[in-house]
Amino acid sequence: MTDARIILTTVAVHETAMSIAQTLVQEKLAACVNVAPAVESIYWWQGKMDHSLEYVLTIKTAAGKVDALRERLLKLHPYEVPEFVVLAVESGSEAYLGWIRESVS
Amino acid sequence: MTDARIILTTVAVHETAMSIAQTLVQEKLAACVNVAPAVESIYWWQGKMDHSLEYVLTIKTAAGKVDALRERLLKLHPYEVPEFVVLAVESGSEAYLGWIRESVS
Amino acid sequence: MTDARIILTTVAVHETAMSIAQTLVQEKLAACVNVAPAVESIYWWQGKMDHSLEYVLTIKTAAGKVDALRERLLKLHPYEVPEFVVLAVESGSEAYLGWIRESVS
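Below, the structure is looked at part by part. (Residues numbered from 1 in each chain as written. Chains lettered and ligands numbered in written order. Predicted model: local features only at pLDDT ≥ 70, side-chain atom pairs only at ≥ 80, totals over all residues. Heavy atoms only, no water.)

## Comments concerning the interface of chain B and chain A
Of the residues lining the interface, 28 residues belong to chain B; the matching set on chain A comes to 26 residues. Viewed at the interface, chain A and chain B are joined by 2 salt bridges. With its nearest N and O atoms 2.6 Å apart, the salt bridge here joins B:Glu90 to A:Arg5. Broken down by secondary-structure element, the contributors of at least two residues to the side of chain B that touches chain A are α1 (14-26), β2 (32-35), β5 (85-88), β6 (91-92) and α3 (94-103) of chain B. With 6 residues, α1(B) is the single largest residue contributor to the side of chain B that touches chain A. As defined by bridge partners, strand β3 (residues 39-45) of chain A adjoins β2(B) across 4 bridges and the pair is classed as antiparallel. Bridged to A:Ile42 within β2(B) is B:Val33. (Contact = heavy atoms within 4.5 Å. Salt bridge = Lys/Arg side-chain N within 4 Å of Asp/Glu carboxyl O. Helix = DSSP H or I, 4+ residues; strand = E, 2+ residues; numbered from the N terminus. Pairing = 2+ DSSP bridges.)

Structure representation (structure tokens):
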């Protein structure tokens, strides 16, 4: 296992998505954030099925930054319960893993 | 490790993608499904290289629902061999992980 | 854990993305590659924040092919430090996992 992590979250408004991405990278909580074109989300919310467009943020960071990044994102994010899931990176290219570490140090 | 899982599958037709997503959420097999804009897929099929547009479904659920979800998806899906891969979620925000559990209970 | 792996990389030019995907599948290093519509990437590069469009390649392969695929991709890729992260697939449908193995054997 490496010390790199991929974090996923979703945001309803493109500007908000870009501003959250900008802040996370600016504050060296993330090395890189990809903001993908809107996805169609179907989900349960307060006992009813709901459907909306969301922008997925794929956040690349180091394991040591996950807690601080979560705190910061939960403050920045307009949702009551934002998606925040962390995937462990099993392996990668040494140069890229090094770049992630360096970018958030 | 958490009890949350991310499942990926792909579907060739948008309507089918949306209907599968709808059914999985409706039947409380998934808390949320994101249907992304079409990707270009290049792959091997029956000994030849092939190329087609597909819609990627990113399915968020609880580990305890994976088997039932797989059975249901394999019945709903028009492909002979649909993609069905499960990623374990290492950590996440407590509120979001709780929301996943609650949505599929 | 299964022997399937999902590898992510990003490429700035669509044609390059498709040609890399084609080569990896053609040379049986990958069973399937999805090339997604462009994402907006925000990242650190040489001490400055940068922002560009990139195409995300989601590569499905077998664990035994990861090293060879990394070597090949690093040669094909125009970046100095391409993204190359590997996610382990916890479980999946037997038929799909078998198709991955067969496609890269």
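## Considerations on the pairing of strand β3 (residues 39-45) of chain B
All names here are of chain B. Most of β3 sits out of view: 5 of its 7 residues are buried. Pairing of β3 with strand β4 (residues 48-62) involves 7 bridges; the strand directions are antiparallel. When the sheet's bridge partners are listed, Val39 is paired in β4 with Glu54. Between the antiparallel neighbours β3 and β4 lie 2 residues, among them Gln46 with a positive phi of about 50°. (Buried < 20%, exposed > 50% of the residue type's maximum accessible area, 1.4 Å probe, protein only.)

## Quick look at the relation of the copies chain C and chain A
In screw terms, the move from chain C to chain A is a rotation of 120° and a rise of 0.0 Å along the axis, fitting with an RMSD of 0.0 Å. Read as a symmetry element, the transformation amounts to a three-fold axis. The overlap is low: 12% of the interface residues of chain C also sit at the interface in chain A, so different surfaces are used on the two sides. (Least-squares fit on C-alpha atoms with pLDDT ≥ 70 in both.)

## Points about the interface of chain C and chain A
Taken together, the contact between chain C and chain A spans 26 residues of the former and 28 residues of the latter. Roughly 2200 Å² of surface becomes buried between chain C and chain A when both sides are summed, with 63% attributable to carbon and sulfur atoms. For the chain C face of the interface with chain A, the top three residues by lost area are C:Glu40, C:Ile42 and C:Trp44, together amounting to 32%. Inspection of the region where chain C meets chain A yields 2 salt bridges. Among the salt bridges present, the one from A:Lys60 reaches C:Glu83, with a minimum N-O distance of 2.7 Å. Our enumeration of links across chain C and chain A arrives at 13 residue pairs in polar contact (both at pLDDT 80 or more). Every element with two or more residues in the side of chain C that touches chain A is listed here: β1 (4-11), β3 (39-45), β4 (48-62), α2 (66-76) and β5 (85-88) of chain C. Tallied by class, the residues present in the side of chain C that touches chain A amount to 18 nonpolar, 3 polar and 5 charged. As defined by bridge partners, strand β6 (residues 91-92) of chain A adjoins β5(C) across 2 bridges and the pair is classed as antiparallel. Across the sheet, residue A:Ser91 finds its bridge partner in β5(C), namely C:Val86. (Buried area = accessible area lost by both parts, 1.4 Å probe. Polar contact = N/O pair within 3.5 Å; in protein donor to acceptor, adjacent residues only side chain to side chain. Nonpolar A, V, L, I, M, F, W, Y, C, P; charged D, E, K, R; others polar.)

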